[in-house]
Amino acid sequence: MTATPDARPRGTRLPRLARRRQLLGAAQEVFVAQGYHAAAMDEIAERAGVSKPVLYQHFPGKLELYLALLDEHAEGLVQRVRDALESTPDNKLRVERTIEAFYDFVAGEGEAYRLVFESDLRNVAPVRARVERTNQQCAEMIAQVIQEDTGVSSDEAHLLGMGLVGMAEVSARYWLSQRGTIPKDQAERLIARLSWRGIGGFPRTT
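Residues numbered from 1 in each chain as written. Predicted model: local features only at pLDDT ≥ 70, side-chain atom pairs only at ≥ 80, totals over all residues. Heavy atoms only, no water.

- Within an unreviewed UniProt entry, the label attached to the chain reads TetR/AcrR family transcriptional regulator, and the organism entered is Actinoallomurus acaciae.

Written out as structure tokens, the structure is:
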């Protein structure tokens, strides 16, 4: 097979975790560029600079490789949101930093957000379950803060949390598609203001 221009040279032995990281990096490049269905294990191995048997030693198939990447980046988004919510007791700042977390994720290096938000495998059960779990986890963390500070019910708080997650995700992806028209920090402030004008209107219980 002819090497791609970005293929890594072969022959270097790496510790298992370092090799896994290398393989995931190569796979991300291929999946983001081509989508899951057009991506080939041959190309991923070539790009990583390893043989196919080495690739299969770490991942038994293409779906397992994709799921490993999806897990990594979905967990990364959840952690960003958790960090934003825990960074301050000020709810207005929490909204701002949560919106910023989504924009940072979408603007991140390597376009990893495409694996979570724009996967061409959304109808495949394990992928759909992971994406839904990610949205649920983010919404539940937000809902917990809302419920603690307002008189709304658990169901209402969860609906509000999911609404904020949807607003953050969709607006961040739209902003990226229009890159150059609005600076990132300005876009974040606009959506944070919109979000806070809504959620900030609920009466506090304390």
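And the narrative resumes.
1. Overview of the layout of surface pockets
- Its volume calculated, the largest pocket comes out at about 290 Å³.
- Taken together, 20 residues make up the lining of the largest pocket; nearest its centre are Asn91, Val95, Ile146, Trp196 and Ile199.
- Top contributing element to the lining of the largest pocket by residue count: helix H5 (residues 91-106), with six residues.
- The residue inventory of the lining of the largest pocket, partitioned by class, reads ten nonpolar, five polar and five charged. (1 Å grid on protein atoms, 1.4 Å probe; cavity = no way out; pocket = protein on both sides within 12 Å on 5 of 7 lines; lining within 4 Å. Points joined across faces, edges and corners; volume = space filled by probe spheres on them. Helix = DSSP H or I, 4+ residues; strand = E, 2+ residues; numbered from the N terminus. Nonpolar A, V, L, I, M, F, W, Y, C, P; charged D, E, K, R; others polar.)

2. Comments concerning helix H9 (residues 184-199)
- The end-to-end C-alpha distance of H9, which contains 16 residues, comes to 22 Å, matching closely the 22 Å that a straight helix rising 1.5 Å per residue would cover.
- The complete set of buried residues in H9 reads Ala187, Glu188, Ile191, Ala192, Ser195 and Ile199. Along the axis of H9, the buried positions cluster into a sector of 125°, meaning they face one direction only. Across from the buried face of H9, at angles greater than 90 degrees, the exposed residues are Arg193, Leu194 and Arg197.
- Lining the buried residues of H9 we find H5, helix H7 (125-149) and helix H8 (154-177). (Expected span 1.5 Å × (residues − 1). Buried < 20%, exposed > 50% of the residue type's maximum accessible area, 1.4 Å probe, protein only. Arc of directions from axis to C-beta. Contact = heavy atoms within 4.5 Å.)

3. Some details on the packing of aromatic side chains
- According to the stated counting rule, one finds five aromatic pairs in the structure shown.
- Taking the centre distance of 5.0 Å and the plane angle of 80° together, the rings of Phe31 and Tyr66 count as edge-to-face. Linking Phe31 in helix H1 (residues 16-38) with Tyr66 in helix H4 (residues 62-86), this pair joins segments that are 35 residues apart in sequence.
- According to the relative accessible area criterion, Tyr66 is buried, its value standing at 2%.
- Here the aromatic residues Phe31, Tyr36 and Tyr66 are joined through ring pairs into a cluster of three or more.
- One residue, Lys62, lies across the ring of Tyr36, its end atom 4.4 Å from the ring centre. (Phe/Tyr/Trp six-rings, centres within 6.5 Å; stacked < 30°, edge-to-face > 60°. Lys NZ or Arg CZ within 6 Å of the ring centre and 35° of its normal.)

4. Side note on the UniProt feature "DNA-binding region" (unreviewed entry) in the chain
- Mapped onto the present numbering, the UniProt feature "DNA-binding region" (unreviewed entry) falls on residues 40-59.
- Here residues 40-59 runs as 75% helix and 0% strand, with 13 Å between its end C-alpha atoms. (UniProt positions renumbered as here; feature names shortened; annotations may be inferred.)

5. Things to note about the UniProt feature "domain: HTH tetR-type" (unreviewed entry) in the chain
- UniProt tags residues 17-77 as "domain: HTH tetR-type" (unreviewed entry).
- Measuring from the first to the last C-alpha atom of residues 17-77 gives 22 Å, for a span that is 87% helix and 0% strand.

6. Focus on the nonpolar core
- If you look at the biggest cluster of nonpolar residues, it comprises 59 residues, and the most contacted ones within it are Phe31, Ile44, Leu55, Leu65, Val81, Phe102 and Phe117.
- Put simply, the parts of the chain that give this core at least two residues each are H1, helix H2 (41-48), H4, H5, helix H6 (113-117), H7, H8 and H9.
- Here this core takes ten residues from H4, the largest share from any one element.
- Apart from the residues within four sequence positions on either side, Leu65 is in contact with Leu24, Ala27, Phe31, Met41, Ile44, Leu55 and Phe59. (Core = buried A, V, L, I, M, F, W, Y, C linked by side-chain atoms within 4.5 Å.)

7. So, the pattern of salt bridges
- Under the criterion given, the structure shown has 13 salt bridges.
- With a closest N to O distance of 3.2 Å, Lys52 and Asp42 form a salt bridge. Of this pair, Lys52 sits in helix H3 (residues 52-58) while Asp42 is found in helix H2, placing the two residues ten residues apart along the sequence.
- One salt bridge in this structure joins Glu188 and Lys184, with 2.5 Å as the shortest N-O distance. Pair noted here: Glu188 and Lys184 are both in helix H9, with a separation of four residues, about one helical turn.
- Here Lys184 falls in the partly exposed class, since its relative accessible area comes to 25%.
- It is possible to trace a salt-bridge network through shared partners that takes in Glu111, Arg114, Glu118, Glu169 and Arg173. (Salt bridge = Lys/Arg side-chain N within 4 Å of Asp/Glu carboxyl O.)

8. Side note on unusual backbone geometry
- Positive phi, normally seen in glycine, also occurs at Glu111, with a value near 55°.
- Structurally, the position occupied by Glu111 is in the loop between H5 and H6.

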